[in-house]
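Per-entry structural report
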Protein chains: 2
Amino acid sequence: MLRMVPLPVPGRIWTALALALLPTPALAETLIDNVNGISMERDGRVKRFAAMVIDDNGRIVDTYAKRNQAPSKVDYRVDGRGRTVIPGLIDAHAHVMGIGLGLLSLDLSDTRSLAEAQAKIAEYAAKYPDRAWIVGRGWNQELWGLGRFPTAAELDAVVADRPVWLRRVDGHAGWANSAALRTGNVTAATADPAGGRIERLAGSKAPSGVLVDAAMDLVARHVPAPRAEDRDLALHEAQQLLLANGITAVTDMGTSVDDWMTFRRAGDEGRLRLRIISYADSVPSMLLIGGGGPTVWLYDDRLRLNGVKLYLDGALGSRGAWLKAPYADAPKENGLQLLGGTQLRNLMSRAAMDRFQVAVHAIGDAANAEVLDAIDELSQTYQGDRRWRIEHAQVFDPADIPRLARHGTIASMQPVHQTSDRTMAEARLGPGRLAGAYAWKSVLATGAPLAFGSDAPVEAPNPFAGLAAAISRTDAAGEPFGGWQPQEAISREAALAAYTAGAAYAGFADGRFGRLVAGERADFVVLDRDPLLASPEDMRGIRVLETWIGGAQVYAADAATGGEERTITR
Amino acid sequence: MLRMVPLPVPGRIWTALALALLPTPALAETLIDNVNGISMERDGRVKRFAAMVIDDNGRIVDTYAKRNQAPSKVDYRVDGRGRTVIPGLIDAHAHVMGIGLGLLSLDLSDTRSLAEAQAKIAEYAAKYPDRAWIVGRGWNQELWGLGRFPTAAELDAVVADRPVWLRRVDGHAGWANSAALRTGNVTAATADPAGGRIERLAGSKAPSGVLVDAAMDLVARHVPAPRAEDRDLALHEAQQLLLANGITAVTDMGTSVDDWMTFRRAGDEGRLRLRIISYADSVPSMLLIGGGGPTVWLYDDRLRLNGVKLYLDGALGSRGAWLKAPYADAPKENGLQLLGGTQLRNLMSRAAMDRFQVAVHAIGDAANAEVLDAIDELSQTYQGDRRWRIEHAQVFDPADIPRLARHGTIASMQPVHQTSDRTMAEARLGPGRLAGAYAWKSVLATGAPLAFGSDAPVEAPNPFAGLAAAISRTDAAGEPFGGWQPQEAISREAALAAYTAGAAYAGFADGRFGRLVAGERADFVVLDRDPLLASPEDMRGIRVLETWIGGAQVYAADAATGGEERTITR
């Protein structure tokens, strides 16, 4: 039968024709008018605007410094009433399914004493009598002023009939009751696994109930996996929470294949509203998901696998962070090196050879130096725009900080950790090693890219708490007066940039979203005050009124109450 | 800022508005005119048409019995010059990645003697000196007239320097050389694993080189997995081959998570042209991919996970098929039952409880009876439109055939197997058990749904060879004269229906594709003659001139040569 002439390749020209048949869309434009608009450059330079036009694909047509510069002929006009509009916040380091599953499980992060925690656990166990396991997270013996880890016996006192497994706030330690220890067959005879430690009762080999890092798996592997329905619900809950916090994109640090499938189900079924920048939890997961390289951007820039997240050490609180010199409060311990030097380089190579991006968890100064060494070596082979990432980059030997800039290595840091860790960090590191700790200002000074995140569910995802910490080095109570190591505080502009454009750059999303400029997605947040004029206390108190992604409103604070009457004019 | 009133839920109305903004597409229509069009009902009723109109979404607007009934005002008109147009063929049982990887590996299916095979293996090994393993498939000692399985020594004679692993044509046995047996540590001391058999040298415990069913894994698990790039290339090759055969949709029976990821990469990157109806290779794979149920139809009806494929027994050639009475040519053997009765029911329940579809591989009469028993039991709990599938349904106790219709159980059969297996089946079953073998006509007579496929790469995917076998019970040489068990031959119409509408129904795709009727996807094939008027020999010789999927031409036989001059009129 007929073919169109000339026919280079069957099908192709037909497709071309099909495209030609598509009617040119009448560009329906919406004017977001009368706003106190703020757009950030990566380096913190600010561009203010009073109006913005969005096309019907949810992309920004342009922004206008003065209202009268905006086009008058648009299809829709929305009056912003002078409210503050900033780019949607991008969390550069979080655990999406961890947030969601956490919301479905027992949360101890607000407990201030062991007794309070025990009461909450007992109440939860009573509320869910037919759950085979009681699983939870968020405890922090530091906040309890316990001066030691809690014990299995202290859990048995409230729940003895079934296993209880509770992760520490930093996810690097787990607290088990005796039933859980039995299930994991953890006894006095069990040796510490490589990269992990079984806490023992004083003057005995008997396990005390807390398992650190690699030892956690002894019990954790017996915890029943959540069903698909739970995972879908958890993702929904996580999205709700993040959107309510003004977060329009999140970086998922350590995506399992199960997590990825959950994200895809949501995308396939139109339930994915948040943007997710994903890093696989292992090289095998990365290869299974991505195949020969990172995935394309899926669902209108809502999901992409960029590469892999590797763990080089543990956390400071559980003394898992790998330090150059021993812990000040444990002179025999240097922390845990979870990957050997060759292992680390081989894994980074395997990813880089197929242009996957590499993000390495490094908290201690030895771990950070080791990653920088590895990047120096690998950069000789794997050139071009690689955007090596160090996650947390928490404690540096000050001499190492300038090395970040050498290959444009991204420091992906979480400001709130500084305020939560302050006293613990002083105990672990002693006075001599605080200069390079949570050193945002020093990192910026080297010209290295900075990206901010929350590490949720380790911390609450509220970005304004992070911004307040970043500019003041003080906690929610304003402590310590004048700020902790205040020389490392940064400007409001630099902090907001690290939480928007900087986080987008760190995830290869620049040009797609992260800034309110022509051509990027219209992801923005409406606030009740201007963060660039806010005191630290004001910053913490900022309320998110509305969250918009791709030109569509996905959250409104007053939706529940009905809120003020509004009108749209055409 | 403004919200539109009334606003039920934030975002929703905005989305509604965004939709409202979309311009109504000018329906660009294409008239496929002057064709000998054939549309099939599932039961084989035929509707002829002379013209068909397709909209610019690639769906059929309508078909017209007479050319002058077709609308004159269309955007494009394609003159079919009276050629025959049939619905795109749908293969109800194949292994997509097996086809593709097979095309990249050593293919012995055309060898007619052991010596010929040995020569081809030696040639391939010489051609790929740096492949660590020589991997291939397609051998069949029956075609070689060997009267026994080949041996490791016969492989060592041509390749001794590295492992060689060659799957039998039916995939139920593997032929290893000594290096491969060493790698798998298969020795005289190795016991037969459950569900498998290690062939031994006569009068000895020493392995002869052939491993059957579950025993295959002893060596197979050491074969290096193909890299993602190989898998992407393999999928491309498989698509090319199937489209050239007039196949527009294929049922992938036993999709691994790796396979699924390969399909998704192709879909995400716009490389998926063929439609794939997928059944996971295990319940865990099914749950990982689908979560709480089958996936939605992805990529404009090009991919969906329907459910799971389970293996109840092996194959006839390797005496793995589970028979009620012993093998005629092995009086001590009844074949292999790969799943216990409770196991089978538990796996079927796990799938059915979340509305996943279940397809069970059953070849022997005992296996088929067992699946029918399980379906009878499960149907009491899992009601509604379940479309239980039996894959192969090859050898029935004639008394069991009527039970298929009771719950609308689908018989998914491969006509070409009958012609390939004929003499082997007579040897294995003896004269007494042939009445219920490959009994298409008897299945149809019960009113049970019938779906046809090729089982490629076990057989070539050419559907016209299958249609010829279905109507004649003779092979490519026309043997045996008058047909084997000719009472089971079926009509041209019923055979074509089983390869189109019947296969679509078996995959829950009815209403989307499989028939040339208003509202379904315009998937069709242009042939050089009319299959409903063709002799068996003519049927086998039918040439596919063009293949169209969703209104786009994806294959043209004369594309290479440039072919006849064609014009399109607007």
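Residues numbered from 1 in each chain as written. Chains lettered and ligands numbered in written order. Predicted model: local features only at pLDDT ≥ 70, side-chain atom pairs only at ≥ 80, totals over all residues. Heavy atoms only, no water.

**Considerations on the UniProt feature "domain: Amidohydrolase" (unreviewed entry) in chain A**
The UniProt feature table records "domain: Amidohydrolase" (unreviewed entry) at residues 78-555 of chain A. In the segment residues 78-555 of chain A, helix accounts for 32% and strand for 20%; the C-alpha atoms at its two ends are 16 Å apart. (UniProt positions renumbered as here; feature names shortened; annotations may be inferred. Helix = DSSP H or I, 4+ residues; strand = E, 2+ residues; numbered from the N terminus.)

**Regarding the sheet that holds strand β3 (residues 46-49) of chain A**
All names here are of chain A. Taken in spatial order, the six strands of this open sheet run β3-β2-β7-β22-β23-β24, and their pairing is mixed. Edge positions in the sheet fall to β3 and β24 (552-556), since each of these pairs with one other strand and no more. Along the sheet, successive strands turn relative to each other by an average axial angle of 25°, direction set aside. Note that strand β23 (residues 544-549) and β24 share four bridges and pair antiparallel. Residue pairing in the sheet places T547 in a bridge with Y555 of β24. (Pairing = 2+ DSSP bridges. Axes fitted to C-alpha atoms, helices over the stretch in contact; angles between N-to-C directions.)

**What about the nonpolar core?**
Counting 206 residues, the largest nonpolar core has M348 and F452 of chain A together with M348 and F452 of chain B as the members making the most contacts within it. Beyond its immediate stretch of four places on either side in the chain, F452 of chain B contacts I90, D91, A92, M413, P415, W440, A470, I490, A495, A498, Y499 and A503 of chain B. (Core = buried A, V, L, I, M, F, W, Y, C linked by side-chain atoms within 4.5 Å. Buried < 20%, exposed > 50% of the residue type's maximum accessible area, 1.4 Å probe, protein only. Contact = heavy atoms within 4.5 Å.)

**Notes on the environment of Y76 of chain A**
Within the element layout of this structure, Y76 of chain A appears in strand β6 (residues 76-79). Overall, Y76 of chain A belongs to the buried group, its relative accessible area being 8%.

**Quick look at empty space enclosed by the protein**
Inspection of every chain in the model, using the stated rule, returns seven cavities of 30 Å³ or more. Every residue along the wall of the largest cavity is listed here: W260, R264, I289, T295 and V296 of chain A together with M261, R264, R265, D268 and E269 of chain B. When residues of the lining of the largest cavity are traced back to their parent elements, those giving at least two are α8 (257-268) of chain A together with α8 (257-268) of chain B. By residue number, the principal contributor to the lining of the largest cavity is α8 of chain B, which donates four residues. (1 Å grid on protein atoms, 1.4 Å probe; cavity = no way out; pocket = protein on both sides within 12 Å on 5 of 7 lines; lining within 4 Å. Points joined across faces, edges and corners; volume = space filled by probe spheres on them.)

**Looking at the domain arrangement of chain A**
Residue and element names in this part refer to chain A. With domains assigned, chain A is organised as domain 1 (133-221) and domain 2 (228-556). Each of domain 1 and domain 2 has a C-alpha centre, and these two points are 28 Å apart. Domain 1 puts 10 residues into the contact, and the matching count from domain 2 is 14 residues. In this structure, the salt-bridge partner of E142 is R428, at a minimum N-O distance of 3.3 Å. (Domains from an automatic or database assignment. Salt bridge = Lys/Arg side-chain N within 4 Å of Asp/Glu carboxyl O.)

**Looking at the packing of aromatic side chains**
Working definition: an aromatic ring pair is given by the centre-to-centre distance plus the angle between the planes. For the structure on display, the rule yields 20 aromatic pairs over all chains. With a centroid separation of 5.2 Å and 15° between ring planes, the pair formed by F524 of chain A and W548 of chain A is classed as stacked. One end of the pair, F524 of chain A, is in strand β22 (residues 524-527); the other, W548 of chain A, is in strand β23, with 24 residues separating them in the sequence. Taken as a pair, F524 of chain A and W548 of chain A share a single burial class, namely buried. Look at F452 of chain B and Y499 of chain B: their rings are 6.3 Å apart centre to centre, the planes differ by 65°, and that puts the pair in the edge-to-face class. Of the two residues, F452 of chain B sits in strand β21 (residues 450-452) while Y499 of chain B sits in the loop between α15 (492-498) and α16 (501-506), which places them 47 residues apart along the sequence. We classify F452 of chain B as buried; its relative accessible area is 0%. Ring pairing ties together the aromatic residues W139, W144, F149 and W175 of chain A, which thus form one cluster. A cation over an aromatic ring shows up here: R131 of chain A above the ring of Y128 of chain A, its NZ or CZ 4.1 Å from the ring centre. (Phe/Tyr/Trp six-rings, centres within 6.5 Å; stacked < 30°, edge-to-face > 60°. Lys NZ or Arg CZ within 6 Å of the ring centre and 35° of its normal.)

**Comments concerning the sheet that holds strand β11 (residues 164-168) of chain B**
Residue and element names in this part refer to chain B. Strands sit in the order β9-β10-β11-β12-β14-β13 across an open sheet of six strands; the sheet is mixed. Of all the strands in the sheet, just β9 (106-107) and β13 (196-200) have a single pairing partner and so form its edges. When strand β12 (residues 173-176) meets strand β14 (residues 207-213), the two strands line up antiparallel, connected through three bridges. Bridging across to β14, A173 finds its partner in V212.

**Observations regarding the packing of helix α9 (residues 283-290) of chain A against helix α10 (residues 341-352) of chain A**
Residue and element names in this part refer to chain A. As a packed pair, α9 and α10 sit with axes 11 Å apart at the nearest point and diverge in direction by 10°. The orientation of α9 relative to α10 falls into the category roughly parallel. Each of V283, M286 and L287 in α9 lies in contact with α10, whose residues at this interface are L347, R350 and A351. Of the residues in the contact of α9 with α10, the class split is five nonpolar, no polar and one charged. (Parallel < 35°, antiparallel > 145°, perpendicular 65-115°, else oblique. Nonpolar A, V, L, I, M, F, W, Y, C, P; charged D, E, K, R; others polar.)

**Observations regarding the side chain of D313 of chain A**
Residue and element names in this part refer to chain A. With respect to the helices, strands and loops of the structure, D313 is situated in the loop between β17 (303-311) and α10. This buried residue, D313, is left without a salt bridge; K309 holds the nearest opposite charge, at 9.5 Å. At 2.9 Å, the side chain of D313 forms a polar contact with the backbone nitrogen of W322. A distance of 3.1 Å separates the side chain of D313 from the backbone nitrogen of I363, its partner in a polar contact. (Lys, Arg positive; Asp, Glu negative; His and termini not counted. Polar contact = N/O pair within 3.5 Å; in protein donor to acceptor, adjacent residues only side chain to side chain.)

**Points about helix α12 (residues 415-429) of chain B**
Residues three or four positions apart in an α-helix share a direction because the helix packs 3.6 residues into each turn. Residues and elements named next belong to chain B. Between its terminal C-alpha atoms α12 stretches only 18 Å, short of the 21 Å expected from 15 residues at 1.5 Å a residue. In the structure, α12 departs most strongly from a straight axis at D421, where the bend amounts to approximately 65°. For α12, a buried count of 11 out of 15 residues is recorded, marking the element as mostly surrounded by other parts of the structure. Where α12 is concerned, the buried positions are P415, V416, H417, Q418, T419, D421, R422, M424, A425, R428 and L429. Among the structural elements, β19 (389-392), β20 (410-413), α13 (440-445), β21 and α14 (463-472) are those in contact with the buried residues of α12. (Expected span 1.5 Å × (residues − 1). Bend = angle between axes of the 7 residues up to and from the residue.)

**Quick look at the pattern of salt bridges**
Residues and elements named next belong to chain A. Evaluated as defined, the whole model comprises 81 salt bridges over all chains. A salt bridge links D354 to R350; its shortest N-O distance comes to 3.0 Å. For D354, a relative accessible area of 14% corresponds to the buried category. A relative accessible area of 25% means that R350 is categorised as partly exposed. Members of the salt-bridge network, linked through shared partners, are K324, D373, D376, D397, D400, R403 and R406.

**Observations regarding unusual backbone geometry**
Here the residue pair E479 of chain A and P480 of chain A is connected by a cis peptide bond, since its omega of -15° sits within 30 degrees of zero. Counting through the fold element by element, P480 of chain A comes out in the loop between α14 (463-472) and α15 (492-498). Residues A456 of chain B and P457 of chain B are joined by a peptide bond in cis, for which omega reads 10°. Mapped onto the secondary structure, P457 of chain B falls in the loop between β21 and α14. Despite not being glycine, H392 of chain B has its phi angle at roughly 85°, a positive value. Of note, H392 of chain B is situated in strand β19. By relative accessible area, H392 of chain B is classed as buried at 4%. Phi is positive for R473 of chain B, close to 55°, though the residue is something other than glycine.

**Section: the packing of α10 of chain A against helix α11 (residues 365-381) of chain A**
How two helices pack is summed up by the angle between their axes together with the distance between the axes. Residue and element names in this part refer to chain A. At a minimum axis separation of 10 Å, α10 and α11 run at an interaxial angle of 50°. As far as their axial angle goes, α11 and α10 are oblique. Considering only the axes of α10 and α11, their crossing is right-handed. The residues of α11 that touch α10, namely those facing G341, L344, R345, M348 and S349, are E370, D373, A374, I375, E377 and L378. Here the contact of α10 with α11 is composed, by residue class, of five nonpolar, two polar and four charged. (Left-handed = near helix turned anticlockwise from the far one by under 90°.)

**A short note on the pairing of β23 of chain A**
Residues and elements named next belong to chain A. Most of β23 is tucked away: six of the six residues are buried. In terms of strand pairing, β22 meets β23 through four bridges, oriented antiparallel. Residue pairing for β23: V526 is matched across the bridge by E546.

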